[in-house]
Structure formats: structure tokens, C-alpha cells
Amino acid sequence: MPDVYTAPQKKKMKNKKKEHNELRKQDFPGHTNNPLAAYSYIPDKVNFIAADSEEKVVLLLRKHPITNIPWIITAMLMLIAPLLLDSLPLFDAIPLNIRLIASLFWYLITSAFVLEEFLSWFFNVYIVTDERVFDVDFVNLIYREITDANIDQIQDVTSRVGGVIPTVFNYGDVVIQTAAEIPQIEFLSVPRPGTVAQVLRELRVQEEVEKIEGRVR
Amino acid sequence: MLDQALLVEISGPLWSGVKILILIALVLYTLFSGIMVRQVMLMTDTLEVGFETPIKIIAVLHLLFALGTFLLALLIL
């Protein structure tokens, strides 16, 4: 005879998953709700366009903040450049109004540079959910690329930290080999690459258990 | 500096050419700032982490700064 009502059983299964498998905030370090954090483990307020309603964000990663230092130094030099150039006698021949507008224009370019670099850092994120891994890339002003692979399609995870500064600040790359259409997803310069690889390993184990128990979503 | 700048009369073909070039550059820049605001809207729709409002405000302020500079250039050049 066909089932007339199956909902409670489903609910039971979901609860069972929560009890046995789900990663908890205390399992790994780095839980934070700071929107500017480069490493957030189980952030509470993250939502993104490609997410399913039942998907839970486990990791939100960005490049380590230290990678922003080169453009910050460039921006500082750009800020003081008009003051330095103004002191040169060469620019005395230029009418004052043109100098004023040129200075403002320069500061506009500087602010656009800072804004673009910040936006690029802030929105180029790597997201790990309990079902998939995502690489969200904003390549330029009008081009967006979102790559994803299912956790159960991950074949190999490699974390690498190379160089003095990455070793000191504990950041590096996590390379994920997948059986998906895109064979490799790279998380570049992310903080705590070892922990990220560990979380991915844990999620893969969970997926395997879910498969065995027949609880695949 | 602004008072002095308002008093300067631009004469000669060189400075007139420079003035036109600056105005064209500022128009293009203002358009770019508008695209940047659109880009920020698109980005904040893609990813929501609770920092959307400050970013949108910064992008709009940048557009207003560009518009203000363009209007000032029209006024004093």
C-alpha cells in the first residue's frame, strides 16, 4: 500500500542528521559574525545568490587582510602625490583653477582605486557550505563568475603555505581537486589553510556517512 | 584657493583645449562612478554579509563627489 503521509519521517531524518553529523561552532576555531573577517566559521548572517534554502554556510573565506598592504601603500602615495607635486616650481605656470580641478580629479581617481581594490577583496569570496564549495569571482566591473562543486565530488584537498610572510601570518592556498566539470577550485591566500582543509575533510566524511545512510539531499 | 581659482580667466588655445579635455574626462569619470554604483548593487545582491549599507553609501558618495567635481569644473574653468 502506498504511503499516505511521510512528513514526520523526513523531519526525523533531518533531526538525526543534526544530532550526529552537523558541524558545530565549537568544533573548529574562527566563529565570527564580523562582516570584514577573512575567515568566518559558521557565520550566522551570510546569504548568497546561489545558495539553496536548506544549505548552511560552514566557511566564508577571503584573502588574508595582509594581502591588501600593497594597494594600501599605493593609495597612500597617490594621496600625497598632489602635495609633493604642488611644491615643484614647474606647476606654477598652470592656472590655479586648472590645478584645483586636476587635484580633485586625481583624488577622484585615488578614491576609485581604493574603492575598487576594497570591493575586489570584499566580494571575491570562497564559500563552503554543508553541500558545496563556491568560488565567487568579480573579475572586473561588469563580469561575475561563480564556480561551485559538490562536496561529494571533491577528490583531493591540498593546503599549501609558502614564503616568509604567509608562514608568519598563517595564510596560504587550498587546492580542491574535484570530479565536477571544473576540475580544480583554488582558495587563494586564505587564512588558516590547514583548518580549511580539515573542515573540508570533515564535510566529505559527513557526505559519505549520509550516502551510506541514504540521506542524500 | 577656491576664491582665487574663480578669478582666473582661461585664455589661449592651449588652456581651452586642456579645459575641454578635463571636462570630457570628468563626464567619463561620472559615468564610471554610476557604473560603480550599479556594480556595488549587483555585488551586494550576490553576497549578503551584513555590510551592504555602508558599501552602498560609500559608492553613492563617490558618485556625488564625481558629480560635484564636474559641476565645479563647469563653474570655474
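Structural data are supplied above this passage.
So, here is what we can say about the structure in this document. Given the structure is predicted, the values throughout are model-derived calculations rather than measurements. (Residues numbered from 1 in each chain as written. Chains lettered and ligands numbered in written order. Predicted model: local features only at pLDDT ≥ 70, side-chain atom pairs only at ≥ 80, totals over all residues.)

Here we look at the overall build of chain B
Scanning chain B for helices and strands turns up three helices and one strand. Buried positions account for 19% of the 77 residues belonging to chain B. The long-range fraction of contacts in chain B, counting pairs at least 24 apart against all pairs at least 6 apart in sequence, stands at 67%. (Helix = DSSP H or I, 4+ residues; strand = E, 2+ residues; numbered from the N terminus. Buried ≥ 20, exposed ≤ 12 C-beta atoms within 10 Å, placed from the backbone. Contact = placed C-beta atoms within 7 Å.)

Examining the sheet that holds strand β1 (residues 39-41) of chain A
Residue and element names in this part refer to chain A. Spatially, five strands are ordered β1-β3-β4-β5-β6 in an open sheet, and the strand pairing comes out antiparallel. Where the open sheet ends on each side, the last strands, each with one partner, are β1 and β6 (143-150). The average undirected angle you get between the axes of adjacent strands in this sheet is 15 degrees. Two strands pair when backbone bridges link them, and strand β5 (residues 132-140) and β6 are joined in this way by eight bridges, in the antiparallel orientation. Bridge pairing links Arg132 to Asn150 in β6. Lying on the sheet, helix α5 (residues 193-213) is in contact with β3 (57-61) and β4 (125-129); it crosses β3 at an angle near 155 degrees. (Pairing = 2+ DSSP bridges. Axes fitted to C-alpha atoms, helices over the stretch in contact; angles between N-to-C directions.)

Notes on the pairing of strand β8 (residues 171-178) of chain A
Residues and elements named next belong to chain A. One ladder, built from six bridges, connects strand β7 (residues 154-160) with β8; its direction is antiparallel. Opposite Ser159, over in β8, you have Val174 as the bridge partner. Strand direction decides the pairing type here: β8 and strand β9 (residues 184-191), joined by six bridges, are antiparallel. Opposite Val175, over in β9, you have Glu186 as the bridge partner. Hairpin remark: β8 followed by β9, antiparallel, with five residues in the connecting loop.

A few points about the nonpolar core
Nonpolar side chains tend to gather and get buried jointly when the protein is soluble and globular. Counting 40 residues, the largest nonpolar core has Leu59(A), Leu61(A), Val125(A), Ile127(A), Val190(A), Val196(A) and Leu200(A) as the members making the most contacts within it. Not counting chain neighbours up to four residues away, the residues in contact with Val125(A) comprise Leu60(A), Leu61(A), Arg62(A), Val136(A) and Leu47(B). Of all hydrophobic cores here, the second largest spans nine residues; its members include Leu100(A), Ile101(A), Ala66(B) and Ala73(B). (Core = buried A, V, L, I, M, F, W, Y, C linked by C-beta atoms within 7 Å.)

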